[in-house]
Structures are given as C-alpha cells and as structure tokens.
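Chain and residue survey
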Amino acid sequence: MTRAPHIPIDDYLPLKPLVFEVLLALVEGERHGWSLVRDVQQRGGFGRIMPGNFYRTLRGMLAEHLIEESPDRPALAEDDDRRRYFRLTELGEKVAAAEARRLQAAVLSARAKKLLTRRG
Amino acid sequence: MRRSEQLLYRLLLLAFPAQARCEFGDDMARMFSEQLGEARAAGRSETRIWLSAAVDALRAGLAERFIPFHSRAVAARRESRRWRWWVHAFQQDVRYAFRLLLKQPGITAIAALTLALGIGANTAIFSAVNAVLLRPLPYPDAHRLVMLYEKRLKEGVLDNVVSPADFLDWVKMQQSFDGIAALTPTTVDLTGTGEPVRLFAGAVSPPFFEILGIVPSLGRSFLAEESVDGRDQVVVLGYKLWQEHYGKDAGIVGKKILLSGRPHEVVGVLPATFEFPDTTIGLWVPLSFANGGRPPTRTGHFLNVYGRMKKGVTVEQARGDMDRVGAQLEAQYPEANRNHGVHVADLRGEIQAPVKDGLLTLLAAVAFVLLIACVNVANLLLAKAAARRREMAVRAAVGAGRWRLAGQALTESVVLAILGGTAGLLVAYWGIEVLRQITPREVQVLGVDQLKLDPVVLGFTFALSIVSGLVFGLLPAWHLASQDVNESLKEGGRSPGGIRRRLRLSLVVSEIALASLLLVGAGLTLRSFQTVLQADPGSRQEGILTAYVSLPEVRYPDDAKRVAAFDEIEQRLAALPGVRTVGGTSHLPLSGQDSRTGVVIEGREPTPDTPTRAHPRAVTLDYFNTLGIRLIEGRNIAASDTGETPFVAVINETMAKRYWPGISPLGKRFFTAGGTVKREVIGVVSDVKHWGFDRPVNPEMYFPQRQMVWDGLTFVLATDVDPVTLTAAVREQLKTVDKDLPLSSVRTMAEVASRSVAARRSAMLLLGIFGALALVLAAAGIYAVMAQLVALRSAEIGVRLTLGAQPFTVMRLILREGLVHSVIGLALGLGTAVIVMRAFRGMLFRVSPADPLTLGGVALLLLATTALACMVPARRAMRVDPVKVLRF
C-alpha cells in the first residue's frame, strides 16, 4: 500500500460530518459497510444514508488513507465473505482525534458563552 | 429484494463509472436491499425509498465520474497539497543551493559577476527598447495617427515634405481622416523678459493638437481662424518653457509676450506629459499660409503633415483615399505635381524608424554577451559538477530520482542566475546612465527621457535571469542526472576526461564563435565610423567658430536694414583679435539647416520626369575662403554683387556636372523662384558635405547674401587661436550691435561636425563596449576551460614528462589544443558574421560585411587572446612534477 504523503493533520479539518461519524464508528474496531451505516444512523442526525453517497465517501476516505480495507476477517461463522471490512489507519485515528478536539473546543467555547445553558 | 428490483437498482448504478461499480457495486446493492427490507418491515413508502435511491445513485455516480474523490473540497485540498509538496521541495532546493553557493564564495562571486555584466547590459539596452519601441505612443488612440508625405516613386522618394498648396488641397479632398494638420519648425526670438532668447517653435495648422489628442493643461489650443494672417498672433507654451521662463505662472493665459518683436497672446499651456519627437520645440504658434498676397506655393516643400484616421479606417483604406487625392492633384497641376502622390505611414513606425534597427542590433549584441557569460558559467558549473559526481551518485543510489537531481541542479543555476540578475540591476542602473549620456540629442525619437528601471524592465530582468539560469544550468544538470551511478561510485570521486573534455572544448569553440560574431559587428561599425570621419567634408573643420544670428522682423523689416546689420556684425567679428577671416551663410554645412528649390535652366525645356532642383544658400564674400572651399573655375562673389546688379550664382561641382555635363557652366543662366529670378553662373566651387559625412552631395548654389537676404545668418570665423576662447568675445560683439539680439548658438565647427555623427558614434561606442566585454568574458572562459583541462590531464602530462617529453612539447600540446578549437570557433563565428552583417548593411558605410581587415583583425585578436589564455595553464603543465602527480 502506498504511503500517505506527509500532510499536516490540520489540513484535513474540518471533516465532513459523515466522514467523522464513519471514523468514530471504526474506532471500536473494524466494520463492514452496512454495519457502519447502521451505527452512524443509530447515533442520529443524518436521516437516511443512501448507498451511493455512502460508498463514494468511503472511496474518498480510502484514497485519503484515513481508512483501509482490513485483511483480517472475523471468525468464519460470523463472516460473510462478500462483505468488505474497513478499519482505521493511524492517520485516520489522528485525524478523528483532531476533529474531536476541534469540536470539543467549539463546544467549550459555546458553553463559556453560555450558549448551552441558555438554551437549557 | 426481488430479482427485478435488483436489476432495477443495478440499472441505477450505471450512473457510476465501471471501476466504482466493480469495487462497491455489490456492497451498494446489498445495502440498498437491507434498506428496502427495513422500510417494508416498518411499513414505509417503497416509492419514496426508490426515488431517494435514484437521486442518490445519479448524484453520487455523476460526481464519481466527473469529480475525482468524494468531494470537490477534498480534491481541491489534494491539489493544494501536491502543490505544497512541490513548494516544499523547491524551498529545500533553494536553501540547499544557497548553502552550496556560499560554500564556494569565490566561484559564486565570479559566476554572479559574469552574469551581472551580461544581464545588466541586456537590462540597460532593453530599457531603451522598452521606452522607445515597446511603449505605446503617448497619444490617445495612437493607432489612428499617421504621417502624410509627398510620394515621388520615380525618384524613389516616399517621405518628402509637403507644399502648402498641396496640403490645403489634401485637407479639402480627403475623406478618411478626422483631420490632418501641418507642422513646420521655425525659430522665434523671445524678448521683453530678461535676456533675449532664441527658441525653436512649432508652427502648426490649428487642428494639430486635436489630431494628436492633446488638451492644454491651461487655456486652449488654436482656433481654426487663427491660421489667418493677422489673427495668428497667439501662442501655446510648452510646459518646460512655462516652468522655466514663467515660473509656472498660473495666470499666464491671456498675457502678451514678445515673439520676434511682435506681441503674441498666450492662449494655452501644454501639459507636462506632452511628448513630441522634436524636443527642441519650446512653444507653438499657428501656421499661416499667407504668401505675401500670392496663393500658397505648390513648389516650395516644407510641411510635415500629421493625420488622425476616422474610427474604423485602416491605413490601407487611407492610402487608397489619398492615392485618389494625389492622382486628382497630379491631373489638375501637371507642372508642379507630375509623378507626385501621397504616402500615408503609421506614425509609430515613422517615429521609431530612425532608431529601430540600431536598437535591435544592440539588443542582439548584448544577447551575445549574455550567451558568452552563460557559456562561462556553464563551464564553471561543469567543473563543480565533476567534483560532485560522487555526491549525486550517492543521492541517486539512495533513491533520489533523476528528475529530482536535475531539478535540484537547475534550481542551483537559477538561484545563481537570480543573484547575478540582482547584481545586474546595478550594472543596468549604471548602464542606463551611460545610455542617457551618449544618446544623441539630434535623434528625434520619443521615449529617450523615459529610460528607467520600470516594472516592465524589472520583469524582463527577472525572466532573463531565470532563462539564463536554465540555459547555463541545463548542461551541467543533464550531465549530473545522466551519469552512471555505478561508475561514479566505483571511481571514488575521481573524474575522468572523456565526454566532459569534449564538452569543455566545445565550450571554447562556442565562446570563440560568439565573441567573433560580436567583434566583427563592432569592428565593422568602427570601420564605418572611421571611414565616415575620413570622408573629406569639403570644408574646414578645425579652428572655426560658428555663430548664428537672426534679426527680428519687427526691428529689421527690410533687406537694407538687415544687410547693414549683418555687415556691421561681420566687420566687428573680423576685427576681433585672433580672427583671420569671417564669412556668413544662411545654411551651415552639417548643421541640419537646409532648403531646396526648383531651378529652370535657360534654353532647356523642363523635363518633369527628371526635375532640376538645387539647394540655395546665401553667403557673404569671405565665406568660401573662411571654410576653405576651393574655387574651381570662374570668380568668387564680389562686393559689387548687390541687389542692384545682375543676379549671379556660384554653384558646386555636383550641380555643374549634373546640369551642364561636359561643358563649362560659366556664363550659363538659370531661373529660380518659379521662373521669376534669373541668375548667371559666375563660378564653380568644390563640393561640401552638407547633409552628413556619410551622405551624398546634392546640387548647391550660393548666392551673394545681398541678392538674397535671409533674416538669419551663421557667421563662420577662421581663428588663429582655439576657437572656443573667442565665444565670449563674439557674444559681446553681437550685443554691441543690438542688445536685444537673442543669444544664439555659438559653437565650433568641430562641434557641429561631431554632432552630425553623434548617432553613429553612440552606436559604435556601445558596440565597442559590448565587443570588449565579449572579448574579456571569452578570454576568461577560455582560460578557465584550459586551466581545468590541464588540471585533469596532469597525470597524463606527468607520464609524458617521465617518459622523456620536453616541457616545451607539453606546452605546445596545450597551446595547440586551445588554438585548434579557437580556429574552429573562428571559422564558425566569422562565417556567420559575414552572413548576419549583410542584413545590417544599412548601418555600414563603405565597408563590406566581409571586410578583410575587420575579419583578419578579429581573427588575430581572438587567436592572440586564446594563446594568452592558454599560456598560463600551459606553463603550469610544463612545470608539472611527475613524482607528485603520479603519486596520487
């Protein structure tokens, strides 16, 4: 696999919400496409995620080296060999963390400005 | 999901490119199938989910086809990253280049200095090209401006000045111009405010400024009715005169000033930005066509005509229109206008014409200097490259690509070139000063005052630096990148001869070729200049002082008063100590003063196809004597030739031979002034170069000043002392005669003559400078190459010496090597030079492009230079200690 060119992490930010959600979903371990979609949709905020848009996003993330296809498969019984599994790359993890920190900072600043308390 | 549904969804996925379908088609289909199942289970509308799927497939599919990656934003970011990567690599290269250059400050300084000379000279000359040739004319819509001339195809003349009658007819008959206007330079005496001054004025027909598109910054320009005699006592001041003479008096408009003794009302002041090729013109007056009650002349030609074409009219259309006008006038006035037409020429071309070829030649010459500089630096870098073979090989071995290596080497050259270019700006700054100094004021061209390092010139310098860097860097870069890594590592850093030797020697060949080309150009120009100076001017140049005196019409209204005044001045000047003789003439040779008229020879039918014309000059008794003009036959003008006695003329040899071939013209008669005045030839004098050393002599006729009284006369004084020392005394005497006589030019004849060759001298001087520069650079380059070759061959030389070769033989070996390559370079350079110089024949004067003296001289000079440049390394080779060199 080709190595990602050296690009500062900040250049990836801000992430598109769907990209961030996918990265979050992968933090816990590798997943296949449909289970990712379910996970993301369960956390809410996205409405229905359609396949075309979703896989185009995945392709982009693969190309950006944020995720990679996982050669490891779950135990045979659980495996459906038609499914493709994805996992976070080191870069993907760093980028996700950076985005999380960015969001956290935004939330903190919103709180400091009493935006959150005011709204209840 | 049913089979039919699967098929339908697969159809939707056709929106995606095949590759994406192949990679994720199954996953997408499966995902949709699950979504469909969920929707059914939840009892949601199937139609809606199908609709969403269709929209989604189309949108994502088309995006996948036309926008790489999953979003435009990422694509853009990716681009910027790639770009950043390059910038980063470039920054690294630049930093590395600087480190390397600083590591060898000596070599860097030499290379940068060499380049600075080349780039600086180019920048200086380009600043002139930019100011004079590239800058648009300083008039609005200048592409519509043209000059109109009288065309005489039979005589091969396209740009004759125009007669007033023709001009007035053109104005009436033309259909393709917004307007045409005439200009004739004249002189006026400004009196009444301090010292009287003589000024050049432009007499123009009223629409002149409108045609150029110039609006006075104060007041107005001329009105149509102000070209009528009596209404023409108005004046428009040039900015400089207004500034210097009137202290920028804002209330000047409406005031009266005394011009040649007559009050003129100032009606306007021109803006500071107004430029005109004839920079001597300080103020402008209306041109009146009154001809002493007679109709305007059709035979006297003295007008320069400017026109502004109507919008949308092309020069070709204007030419067609004026051809019609010309043909009509020819039919109407067969006597005066036989074979005359109208020529329309683009104003920009006309203004640039006098200097265009010269400037382009100079640009070519400096380009050669830069090329030689580049060859020198290329050689320096090749030598450095040899020392760095190992470093490059190591870098290649650990994975640096060839392109990356070549790019790094090129970056180094370009950085060096930019250093050189920056230093070159200093050279250019100084060069522009020199250009300003040696630009002949006599050349009427726009833009000479605009010589400066403006952004365009700076951009040129920058671009030129980069191009130079690429030119001289390409060879070493290619050399570094194309080396065999294995070989270089095996050699352990020692550099062999081989290709590089041949390459170096080919540099010698090219330096010699380039230098010889340039030197031939410079040499031929020098020879032309010499030939021009050696041409017999026909009149005495040394020990002559000239003083122009003009008598204002108001105080000297008639011939008698003028003759009396001129007589008195002549006597007073002749009485000055140190003055031998004094003469006077209406038209001083080489001064640019001139006039011409048709002559009708008695007893001969005028043949309009070969018109007889001559240039009249009024002279005083001692004029020929003072200037050393020989009387060939007949008699000189005498005191007895006055306005009351029969009119006589002394003619020059050319006129005698042309109009009375094979017979003596003495006693023959001819008519001037449209046949109204009859004159008898009383003498023939030797030819005088009137129009320049390098111009042919035309028929000239000298009339006694008393029989043709001009209002201005140039006195010539033959002196026993240095003529310059008499300047003050001459001015003093003029004041004694009339304190209001304007101060006018008092110059030595040598100065007048020198000015007449100023343009040629400037060109020669510049080409000479560039030739010398080329020679020095080439010598330095050849020395460097030979020194390096000797260093490379020291081992071989050591072996030779050990085996019994004489030191002298070794020296001969090195010398021969240098000289053989010089001869090849010379053959190439001289051959090319002869061909190239044919194209520049116009700049040569009585010198063939293949002038053996020049070619031989250049060949000798370069061979001697080569020998000298080889001598030091050759002597070093002779003293090689075999033991020392063979030990390593």
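Analysis parameters
Residues numbered from 1 in each chain as written. Chains lettered and ligands numbered in written order. Predicted model: local features only at pLDDT ≥ 70, side-chain atom pairs only at ≥ 80, totals over all residues. Helix = DSSP H or I, 4+ residues; strand = E, 2+ residues; numbered from the N terminus. Contact = placed C-beta atoms within 7 Å. Buried ≥ 20, exposed ≤ 12 C-beta atoms within 10 Å, placed from the backbone. Nonpolar A, V, L, I, M, F, W, Y, C, P; charged D, E, K, R; others polar. Expected span 1.5 Å × (residues − 1). Axes fitted to C-alpha atoms, helices over the stretch in contact; angles between N-to-C directions. Parallel < 35°, antiparallel > 145°, perpendicular 65-115°, else oblique. Left-handed = near helix turned anticlockwise from the far one by under 90°. Core = buried A, V, L, I, M, F, W, Y, C linked by C-beta atoms within 7 Å. Domains from an automatic or database assignment. Pairing = 2+ DSSP bridges. pLDDT = per-residue confidence, 0-100.

**So, the overall build of chain B**
- Looking only at helices and strands, chain B has 26 helices and 23 strands in total.
- Here the analysis covers contacts within chain B between residues at least 6 apart in sequence; of these, 83% occur between residues at least 24 apart.

**Examining the overall build of chain A**
- Counting secondary structure elements, chain A contains five helices and three strands.
- The secondary structure elements of chain A, listed N-terminal to C-terminal, are α-β-α-α-β-β-α-α.
- Counting all 120 residues of chain A, 30% fall into the buried class.
- In chain A, once contacts between residues fewer than 6 apart in sequence are set aside, the share between residues at least 24 apart is 62%.

**Brief notes about the interface of chain A and chain B**
- Listed per partner, the contact involves 21 residues of chain A and 25 residues of chain B.
- Secondary-structure elements contributing two or more residues to the side of chain A that touches chain B are α2 (33-43) and α3 (51-63) of chain A.
- The element contributing the most residues to the side of chain A that touches chain B is α3 of chain A, with nine residues.
- Looking at the side of chain A that touches chain B residue by residue, the class counts come to eight nonpolar, five polar and eight charged.

**Observations regarding helix α4 (residues 90-112) of chain A**
Residue and element names in this part refer to chain A.
- With 23 residues, α4 should cover 33 Å at 1.5 Å per step; its first-to-last C-alpha distance of 33 Å lies within 8% of that length.
- Of the residues making up α4, those classed as buried are Gly-92, Val-95, Ala-96 and Glu-99.
- Structurally, α4 contributes buried residues whose contacts are with α1 (17-27), β2 (67-69) and β3 (85-88).
- At the exit of α4 stands Lys-114, carrying a positive phi of roughly 60°.

**Some details on the packing of helix α6 (residues 164-173) of chain B against helix α9 (residues 315-332) of chain B**
Residue and element names in this part refer to chain B.
- At a minimum axis distance of 10 Å, the contact between α6 and α9 shows a crossing angle of 130°. Comparing the axis directions of α6 and α9 gives the class oblique. Here α6 runs over α9; the crossing is right-handed. Taking contact as the criterion, the partners of Asp-166, Asp-169, Trp-170 and Met-173 in α6 are, on α9, Val-325, Gln-328 and Leu-329.
- For the contact of α6 with α9, the class distribution of residues is four nonpolar, one polar and two charged.

**A short note on the environment of Thr-531 of chain B**
All names here are of chain B.
- On the secondary structure map, Thr-531 appears in helix α16 (residues 499-534).
- The exposure class of Thr-531 is partly exposed, given the 15 C-beta atoms found within 10 Å.
- What Thr-531 contacts, discounting residues up to four positions off in sequence, is Phe-845, Arg-846 and Val-847.

**Concerning the nonpolar core**
Residues and elements named next belong to chain B.
- Core analysis: the biggest nonpolar cluster contains 171 residues, and Val-235, Val-369, Ile-372, Ala-515, Leu-518, Phe-770 and Ala-774 have the highest contact counts within it.
- When residues of this core are assigned to their parent elements, the largest contribution, 22 residues, is made by helix α11 (residues 347-387).
- Counting only domains with at least three residues in this core, you end up with domain 2 (142-352) and domain 3 (497-535 + 757-888).
- Leaving out residues up to four positions away in the same chain, Ala-774 has contacts with Phe-368, Val-369, Ile-372, Leu-514, Ala-515, Leu-518 and Leu-519.

**Here's the deal with the sheet that holds strand β1 (residues 31-32) of chain A**
Residue and element names in this part refer to chain A.
- The three strands lie next to each other as β1-β3-β2, forming an open sheet whose pairing is antiparallel. Strand pairing shows two members of the sheet lacking a second neighbour, β1 and β2, which therefore form its edges.
- As defined by bridge partners, β2 adjoins β3 across three bridges and the pair is classed as antiparallel. Note on β3: the bridge partner recorded for Ile-67 is Leu-88.
- Each of β1, β2 and β3 touches α1; the most contacted strand, β3, lies at about 95° to it.

**Notes on unusual backbone geometry**
- Cis geometry is found at the peptide bond from Leu-13 of chain A to Pro-14 of chain A, where omega equals -10°.
- Within the secondary structure, Pro-14 of chain A is located in the segment before α1.
- The phi torsion at His-65 of chain A lies on the positive side, around 65°, for a residue other than glycine.
- Among the secondary structure elements, His-65 of chain A is positioned in the loop between α3 and β2.
- Located in the positive-phi region is Arg-846 of chain B, a residue other than glycine, with phi close to 55°.
- The residue Arg-846 of chain B is located in the loop between α24 (807-839) and α25 (852-878) in this model.
- With 13 C-beta atoms packed within 10 Å, Arg-846 of chain B lands in the partly exposed category.

**A short note on the pairing of strand β3 (residues 177-191) of chain B**
Residues and elements named next belong to chain B.
- Across six bridges, β3 lies against strand β10 (residues 304-309) in antiparallel orientation. Bridge assignment links Leu-183 to a residue of β10, and that residue is Asn-304.
- Summarising the sheet, β3 and strand β4 (residues 197-204) pair through eight bridges and their orientation is antiparallel. Bridged to Leu-183 within β4 is Val-204.
- Counted between consecutive antiparallel strands, the loop separating β3 from β4 contains five residues, among which Gly-192 sits at a positive phi close to 95°.
- The sheet contact formed by β3 and strand β7 (residues 256-259) spans two bridges and is antiparallel. Bridging across to β7, Thr-191 finds its partner in Leu-258.

**Considerations on α6 of chain B**
- Turning to α6 of chain B, its buried residues number three or more, namely Pro-164, Ala-165, Asp-166, Phe-167, Asp-169 and Trp-170 of chain B.
- Buried residues along α6 of chain B sit in contact with β1 (145-152), β3, β10, α9 and β11 (341-346) of chain B.

**Quick look at the pairing of strand β22 (residues 712-719) of chain B**
All names here are of chain B.
- For β22, the buried fraction is high: seven of the eight residues fall into the buried class.
- Here strand β12 (residues 544-550) runs beside β22; their pairing, made up of seven bridges, is antiparallel. The partner of Tyr-548 across the bridge, within β22, is Thr-714.
- As judged from the six bridges shared by strand β13 (residues 579-585) and β22, these two strands associate in the antiparallel manner. Its bridge partner lying in β22, Thr-581 is registered against Ala-718.

**With respect to the packing of helix α13 (residues 402-438) of chain B against helix α14 (residues 455-481) of chain B**
All names here are of chain B.
- The interhelical angle for the contact between α13 and α14, taken along N-to-C directions, is 145°, at an axis separation of 7 Å. Helix-helix and strand crossings are classified by hand; for α13 and α14 the assignment is right-handed.
- Per-class residue counts for the contact of α13 with α14 are 19 nonpolar, nine polar and one charged.

**So, the confidence of the model for chain B**
Residue and element names in this part refer to chain B.
- Looking at chain B as a whole, the pLDDT averages 85, with 94% of positions reaching at least 70.
- Averaged pLDDT values for the elements of chain B fall to 65 in helix α15 (residues 485-491) and rise to 95 in β10.
- Segment residues 492-498: pLDDT under 50, and seven contacts once partners within four positions in sequence are set aside and those in other chains are kept.
- Quick note on the complex model: pTM equals 0.69, ipTM equals 0.85.

**A closer look at the confidence of the model for chain A**
- In this model, chain A carries a mean pLDDT of 80, and residues with pLDDT of at least 70 account for 82%.
- At the low end of the mean pLDDT range in chain A sits helix α5 (residues 115-119) of chain A, at 66; at the high end sits α4 of chain A, at 91.

**What to know about the environment of Ala-181 of chain B**
Residue and element names in this part refer to chain B.
- One can find Ala-181 in strand β3.
- For Ala-181, a count of 26 C-beta atoms within 10 Å puts it in the buried group.
- Taking C-alpha positions, Ala-181 is 6.3 Å from Gly-307, a pair spaced 126 residues apart along the chain.
- Those residues within four positions of Ala-181 in sequence are excluded, and the remaining contacts are Val-204, Ser-205, Pro-207, Phe-208, Ile-211 and Tyr-306.

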